[in-house]
Amino acid sequence: MKLYVLLFLFAALGLNFKVAASPIEIRLGVMASGTLAWELAAMKNAGLLDNADYSVQPVNLANQQAGKVALQAGSVDIIISDWIWVSSMRAEGADYTFYPYSNSAGGLLTPAGSSIKTLADLQGKKLGIAGGELDKNWLLLQALGQKQGLDLNKTVEKTYAAPPLLNQEFSAKHLDALLTYWQFAARLETEGNVQLLSGEEIIRQLGITDSVPSLGYVFKASWGQQNKSALHSFLRSAKQAKESLCNDDNAWQSIANLTETTTATALQQTRSRYCLGLVTQWGIANQEAAGKIYQLLHQLDTNKLTAKHPQLQTGTFWSID
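As the structure is a computational prediction, the values presented were derived from the model and not from experiment.

### Quick word on the sheet that holds strand β10 (residues 215-220)
Sheet architecture is open: 3 strands sit in the order β3-β10-β4, paired in antiparallel fashion. Edge positions in the sheet fall to β3 (79-81) and β4 (96-102), since each of these pairs with one other strand and no more. Here the average twist between neighbouring strands, direction ignored, is 40°. Two elements, β3 and β10, share 3 bridges in a ladder whose sense is antiparallel. Bridged to Ile-80 within β10 is Tyr-217. Where helix α3 (residues 64-73) meets the sheet, its contacts fall on β3, β4 and β10, and the angle it forms with β3 comes to roughly 125°. The sheet strands contacting helix α4 (residues 83-91) are β3, β4 and β10, and the helix crosses β4 at an angle near 175°.

Quick look at the structure:
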């Protein structure tokens, strides 16, 4: 009899309680030296992962290409990649989508005192290019050169290599100029080198005024729909962590050892460049600007990145309602 009474009481009281749902696990592709690792550390330090409706399972990646392979193999849920790749994959039938991560897009550097002051001055010079012949910054630089009547692909001596090796070659004066990612550009700037053009400035000189993110969170749209609440909670927490790294000195110092900088000056410059990349706008105007960039790239004779697909694919961009 007592058992029936207890069951009745629990049933009645159960109307006032909710069974806690298990957090959704997000398998996140992370490069050890990437900024996503900084932000995850900042999220943990701030307690943003405590009692969330998601849990993060970091999956170590060697590079961005490894992330694309992992996403396609289904071993991760989210990676950091670019929207042009997302569009090309959608054109082939995949349902990947992109949400902004960073506006930082690297830059074109020259040594202090260099005679290179304009794009025309690059002709006949040795140019290091991070990311290979299909690097978006390199293609956009060619587009800007084309606008000025220059064929940079034919008139510069190109060296493609990984950013760390290119930094070494540049510092050893084996290169006349370097087009590289923002973290590596920031370190070189602290050594007295000059950023002739940022990736953002290249886009502006091409006539596009709205900001366009260079990298974003990439995931399957179907996965995003199934886990929308947890996904959006994660994106909001990640944004909060990013902002704390820029606005809170203690938060920044707590992840300083992950930046791979060796001097206080380099650390400060890295923070400055990182914070310039914070995404503050993401709407129709920004997405239309991305479409304009896509068209500029598609018009390049040397561009194999968009060659098969003349239009940016519908569904490339994810929006938080």
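### Some words on the packing of aromatic side chains
Both the distance between ring centres and the angle between the ring planes are used here to describe each pair of aromatic rings. Taken as a whole and assessed by the stated rule, the structure comprises 15 aromatic pairs. Between Tyr-54 and Phe-234, the ring centres sit 5.8 Å apart and the planes meet at 85°, which makes this aromatic pair edge-to-face. Of this pair, Tyr-54 sits in strand β2 (residues 54-61) while Phe-234 sits in helix α11 (residues 228-247), and the two are 180 residues apart along the sequence. In this pair, the class of Tyr-54 matches that of Phe-234, namely buried. Judged by centre distance (6.3 Å) and plane angle (35°), the rings of Trp-252 and Tyr-274 are tilted. Of this pair, Trp-252 sits in helix α12 (residues 249-254) while Tyr-274 sits in helix α13 (residues 264-276), and the two are 22 residues apart along the sequence.

### Considering the pattern of salt bridges
Evaluation of the coordinates by the stated rule reveals 4 salt bridges. Between Lys-242 and Glu-39 there is a salt bridge, and its shortest N-O distance comes to 3.1 Å. Of this pair, Lys-242 sits in helix α11 while Glu-39 sits in helix α2 (residues 35-45), placing them 203 residues apart in sequence. Summarising the burial analysis for this pair, Lys-242 and Glu-39 share the class buried.

### Things to note about the layout of surface pockets
Taken as a whole, the largest pocket spans an internal volume of roughly 1,500 Å³. Every residue lining the largest pocket is counted, 50 residues in all, and those nearest its centre are Gln-64, Gln-65, Gly-131, Tyr-181 and Leu-215. A class-by-class count of the residues in the lining of the largest pocket yields 23 nonpolar, 18 polar and 9 charged.

Criteria and cut-off values
- All residue numbers refer to positions counted from 1 along the written sequence of the respective chain.
- Local features in this predicted model are restricted to residues of pLDDT 70 or higher, and side-chain atom pairs are both shown and tallied only at a pLDDT of 80 or more, whereas totals for entire chains, interfaces and linings draw on every residue.
- To obtain the side-chain values, all non-hydrogen atoms of the structure were included, while hydrogens and water were left out.
- Note: two strands are recorded as paired if DSSP finds a minimum of 2 bridges between them.
- Helix numbering and strand numbering both begin at the N terminus, where a helix is a DSSP run of H or I of at least 4 residues and a strand a DSSP run of E of at least 2.
- Orientation is described by axes fitted as lines to C-alpha atoms, over the contacting stretch for helices, and by angles from 0 to 180 degrees between their N-to-C directions.
- Between two residues, a contact is recorded if the distance between any of their heavy atoms is within 4.5 Å.
- In summary, the pairing rule links any two rings of Phe, Tyr or Trp, Trp by its six-membered ring, whose centres are within 6.5 Å, and it sorts them by plane angle into stacked for under 30 degrees, edge-to-face for over 60 and tilted for everything else.
- With a 1.4 Å probe rolled over the protein chains alone, any residue whose accessible area is under 20% of its type maximum counts as buried; one over 50% counts as exposed, and the rest are partly exposed.
- Salt bridge, as applied in this entry: a Lys or Arg side-chain nitrogen positioned within 4 Å of an Asp or Glu carboxyl oxygen.
- Detection works on a 1 Å grid of protein atoms alone, calling trapped sets that fit a 1.4 Å probe cavities and calling open sets with protein on both sides within 12 Å along at least five of seven lines pockets, with lining residues defined by an atom within 4 Å of a point.
- Grid points are joined across faces, edges and corners, and a volume is the space filled by probe spheres set on the points.
- When residues are sorted by character, Ala, Val, Leu, Ile, Met, Phe, Trp, Tyr, Cys and Pro go into the nonpolar class, Asp, Glu, Lys and Arg into the charged class, and all the rest, Gly among them, into the polar class.

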